[in-house]
Amino acid sequence: MSESRAAPTGPVSGRSGDTDRMRARAVWLYYAEGMKQSEIATALGTTRVAVVRLLADARRRNEVRITISAPLAELARLETSLSSRFGIAEVILCPSGDGGSDPTLSIAAAAGAHVSGLMKSGMSVGVGWGRTLHSMLPFIEGRTLEDVRIISLLGGISAARRFNPAEFAWRFAELFQGEGYLVPAPALVDSAETRAALIERCGIGEVFEMAAALDMALISVGGIAAEATSFRTGHLSEAERRDLIGAGAVGDVFYNFIDAEGRVIDHAVNARTISVDLADVARARERVLISGGAEKVAALRGAITALKPTCLVTDEKTAEALLAGA
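To start, this report covers the structure provided alongside it. (Residues numbered from 1 in each chain as written. Predicted model: local features only at pLDDT ≥ 70, side-chain atom pairs only at ≥ 80, totals over all residues. Heavy atoms only, no water.)

**Re the nonpolar core**
Move 1: Within the largest apolar cluster, 57 residues are counted, with the highest numbers of intra-cluster contacts made by Leu 244, Val 253, Tyr 255 and Phe 257.
Move 2: Considering each element in turn, this core owes the most residues, 6 residues, to helix H14 (residues 297-307).
Move 3: If you look at the next biggest cluster of nonpolar residues, it comprises 29 residues, including Cys 94, Ala 111, Met 136 and Phe 172. (Core = buried A, V, L, I, M, F, W, Y, C linked by side-chain atoms within 4.5 Å. Buried < 20%, exposed > 50% of the residue type's maximum accessible area, 1.4 Å probe, protein only. Helix = DSSP H or I, 4+ residues; strand = E, 2+ residues; numbered from the N terminus.)

Here is the structure:
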């Protein structure tokens, strides 16, 4: 969070020594006049490095008071409120745009910077899928790490070329020179019997076992609207979507459709899903929930209840809606 420029305590008068007077002038020119450090150096007949030291010394001596601008203060208030209300250790909010603008890119940028700092050698990281996570990739600072395993938490979506779970898992693994582990099956199969056979006989169970002992999980949720990624792929029909709504579904996590309380609903679609159980994801040491938008508020609230994330990255309007619903 950046600091806003604010008025200093004022020029220091009555001090002895040229250094005190120069420091007071530097403080005034920088904070009150808004001059650049290079401009101050010219005005005072010194170097930019000397100006930086003068300003730092003034801060150390408490000769300058910094106030946070109102919008940033509001974000901090919302972060604290969400953390307290839902028991989330860390909440990261990005400002929302005007009107009903899509917050996906802003959330992705904030999440990418945060996830970059969380990655360490020796980690096992489970990853979901979706537009928000995919949009996060350009904002992640990749580097070479040792013994990193990236595990996809659900099967593939052949129709979703851009947001395919396998595509995201591989690209994320490449950013850290890690090993990628994919689920060699579709995210949705034709029956519960097919699901059981694939897990037992085709090596999928081994991947799921790895996902039961994660250091970190990157999680995104999907809404229940027709425009949601889960339905745009064509895997589920409009009739199935309406049936899911009738059964109480408010959205999904890795194609596990949940109700407003975060419970996986009793529905045939969930019986056909090739994905890691949410109970296993909830055991990950770090659980980073990354989503936002008006259409996902109910699903986010359910996911928070089910997964108890250690970190939530979203936008301010979604945060306000979460608190209002709570």
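**Let's talk about the environment of Arg 59**
Move 1: Relative to the helices and strands, Arg 59 is located in helix H3 (residues 48-60).
Move 2: Considering only alpha carbons, one finds Arg 59 and Val 27, 32 residues apart in sequence, at a separation of 9.2 Å.

**Here's the deal with helix H7 (residues 165-175)**
Move 1: Of all the positions in H7, only Pro 165, Phe 168, Ala 169, Phe 172 and Ala 173 are classed as buried. The buried residues of H7 occupy an angular sector of 130 degrees when the element is viewed end-on, so they sit on one face.
Move 2: Residues of H7 that are buried in the fold lie against helix H5 (104-118), strand E2 (124-127), helix H6 (131-136), strand E3 (149-152), strand E4 (179-181) and strand E5 (216-219). (Arc of directions from axis to C-beta. Contact = heavy atoms within 4.5 Å.)

**Details of the packing of H14 against helix H15 (residues 316-325)**
Move 1: Interaxial distance between H14 and H15 falls to 10 Å at its minimum, and their mutual angle equals 70 degrees. The orientation of H14 with respect to H15, classified from their angle, is roughly perpendicular. Of the two elements, H14 crosses H15, and the hand of that crossing is right-handed. Where H14 abuts H15, its residues Val 297, Leu 300, Arg 301 and Ile 304 lie against Thr 318, Ala 321, Leu 322 and Gly 325.
Move 2: The class makeup of the residues in the contact of H14 with H15 is 5 nonpolar, 2 polar and 1 charged. (Axes fitted to C-alpha atoms, helices over the stretch in contact; angles between N-to-C directions. Parallel < 35°, antiparallel > 145°, perpendicular 65-115°, else oblique. Left-handed = near helix turned anticlockwise from the far one by under 90°. Nonpolar A, V, L, I, M, F, W, Y, C, P; charged D, E, K, R; others polar.)

**Overview of the sheet that holds strand E8 (residues 286-290)**
Move 1: Pairing in this open sheet of 7 strands is parallel, and the strands run E1-E9-E8-E5-E2-E3-E4 from one edge to the other. The open sheet has two free edges, formed respectively by strand E1 (90-94) and E4, since each of these has just one partner strand. For this sheet, the mean angle separating the axes of adjacent strands, direction not counted, is 15 degrees.
Move 2: Sheet topology places E2 next to E5; 3 bridges connect them, and they run parallel. Paired with Gly 126 across the strands is Ala 217, a residue of E5.
Move 3: Across the sheet, helix H9 (residues 204-211) lies against E3 and E4, angled at about 120 degrees from E3, the strand it touches most. (Pairing = 2+ DSSP bridges.)

**Quick look at the pattern of salt bridges**
Move 1: For the structure on display, the rule yields 13 salt bridges.
Move 2: Among the salt bridges present, the one from Arg 60 reaches Asp 57, with a minimum N-O distance of 2.4 Å. Here Asp 57 and Arg 60 lie together in helix H3, a separation of 3 residues that amounts to about one turn.
Move 3: Given the relative accessible area of 16%, Asp 57 is considered buried. (Salt bridge = Lys/Arg side-chain N within 4 Å of Asp/Glu carboxyl O.)

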